[in-house]
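Next come the chains, spelled out residue by residue.
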Amino acid sequence: MPPRLRKAVLTTHVATSVGWLGAVVAYIALDVTAVTSRDIELVRAAYVAMELIVGYTIVPLALASVVVGIVNALGTSWGLLQHYWVLVKLLLTLVATGVLLVEARTIRSLADAAAAAADPRHLPGSLPHSIGGLVVLLLIVILSVYKPRGLTRYGWRKQQEQRRQRNQSATVTA
């Protein structure tokens, strides 16, 4: 990727990923409110807001983060399958997105139930999923910052192939 495009893709990836993380934190605040408040209308509003933030913010940011992250990895020297940290980051992101898409249906059901129920305070929240999602996203951030060493078998073979090509071209020019 040309440097300007690479920077634009990286910026988009960071923005969507950080946005996803921030939206999850806001969602957790609503989730805590939904399960702890004694105010019926506040609980009802929290469930409705949870559905909105998931549907209009968290899911789109998660999907964008996956797509842009793959494009970013393919366009850099890190590659998508060459380094363990990139591969683990991709797998964690895919799992988190998959769980999110399944959980979005549950949240929609909770919001519908809260809107219809005379007293929505008995509804369960989704704190285990939302806190688990936050932990996974923080692990992804840690991998992105620290980039632990280690090549996959594919990455090792590709690195060896590049070395052979450099040695061959050095031999030809010498």
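Refer to the structure presented above.
Cut-off values and rules
Residues numbered from 1 in each chain as written. Predicted model: local features only at pLDDT ≥ 70, side-chain atom pairs only at ≥ 80, totals over all residues. Heavy atoms only, no water. Helix = DSSP H or I, 4+ residues; strand = E, 2+ residues; numbered from the N terminus. Buried < 20%, exposed > 50% of the residue type's maximum accessible area, 1.4 Å probe, protein only. Axes fitted to C-alpha atoms, helices over the stretch in contact; angles between N-to-C directions. Parallel < 35°, antiparallel > 145°, perpendicular 65-115°, else oblique. Left-handed = near helix turned anticlockwise from the far one by under 90°. Contact = heavy atoms within 4.5 Å. Nonpolar A, V, L, I, M, F, W, Y, C, P; charged D, E, K, R; others polar. Salt bridge = Lys/Arg side-chain N within 4 Å of Asp/Glu carboxyl O. Core = buried A, V, L, I, M, F, W, Y, C linked by side-chain atoms within 4.5 Å.

**Student:** I keep staring at unusual backbone geometry and nothing clicks. Help me out?
**Tutor:** With the exception of glycine, the majority of residues adopt a negative phi angle, and the majority of peptide bonds are in the trans configuration. A positive phi angle, close to 45°, is found at K147, a residue other than glycine. Within the fold, K147 resides in the loop between α4 (127-146) and α5 (153-173). Given the relative accessible area of 31%, K147 is considered partly exposed.

**Student:** Teacher, can you tell me more about the packing of helix α1 (residues 3-36) against helix α3 (residues 84-116) here?
**Tutor:** How two helices pack is summed up by the angle between their axes together with the distance between the axes. The contact between α1 and α3 brings their axes to 14 Å, and the two run at 40°. Overall, the two elements α1 and α3 adopt an arrangement that is oblique. Where α1 crosses over α3, the two elements pack in a sense that is left-handed. Seen from α1, the contacting residues are H13, W20 and Y27; seen from α3, they are K89, T93, A96, T97, L100 and I107. By residue class, the composition of the contact of α1 with α3 is five nonpolar, three polar and one charged.

**Student:** Please clarify how the pattern of salt bridges should be interpreted in this entry.
**Tutor:** As enumerated under the stated definition, the model contains two salt bridges in all. As a salt-bridge pair, R44 and E41 come within 3.4 Å of each other at their nearest N and O atoms. Residue R44 and its partner E41 are both found in helix α2 (residues 40-74); the two are separated by three residues, about one turn of the helix. Judged by its relative accessible area of 49%, E41 is partly exposed. Linking R121 and D119 is a salt bridge whose minimum nitrogen-to-oxygen distance equals 2.9 Å.

**Student:** It is not clear to me how the nonpolar core should be interpreted in this structure. Could you clarify?
**Tutor:** In summary, soluble globular proteins display a tendency toward joint burial of nonpolar side chains. W20, V24, Y27, Y47, V54, I58 and L100 are the most contacted members of the largest nonpolar core, which has 26 residues in total. Those residues in contact with Y27 that lie beyond four places of it in its chain are M50, I53, V54, I58, I107, S126 and S130. Ranked by size, the runner-up nonpolar core spans six residues in total, among them A73, L80, W85 and L90.

**Student:** Would you explain the environment of A117 in this entry?
**Tutor:** You can see A117 is positioned in the loop between α3 and α4. For the pair A117 and R44, spaced 73 residues apart in the sequence, the C-alpha separation amounts to 8.8 Å. Apart from residues lying up to four places away in sequence, A117 is in contact with R44 and H122.

**Student:** Looking at this structure, how should I read the packing of α2 against α3?
**Tutor:** At a closest axis distance of 9 Å, the pairing of α2 and α3 adopts a crossing angle of 160°. Between α2 and α3, the interaxial angle falls into the category roughly antiparallel. Considering the relative orientation of α2 and α3, their crossing is left-handed. Class assignment of the residues belonging to the contact of α2 with α3 gives a composition of 22 nonpolar, two polar and three charged.

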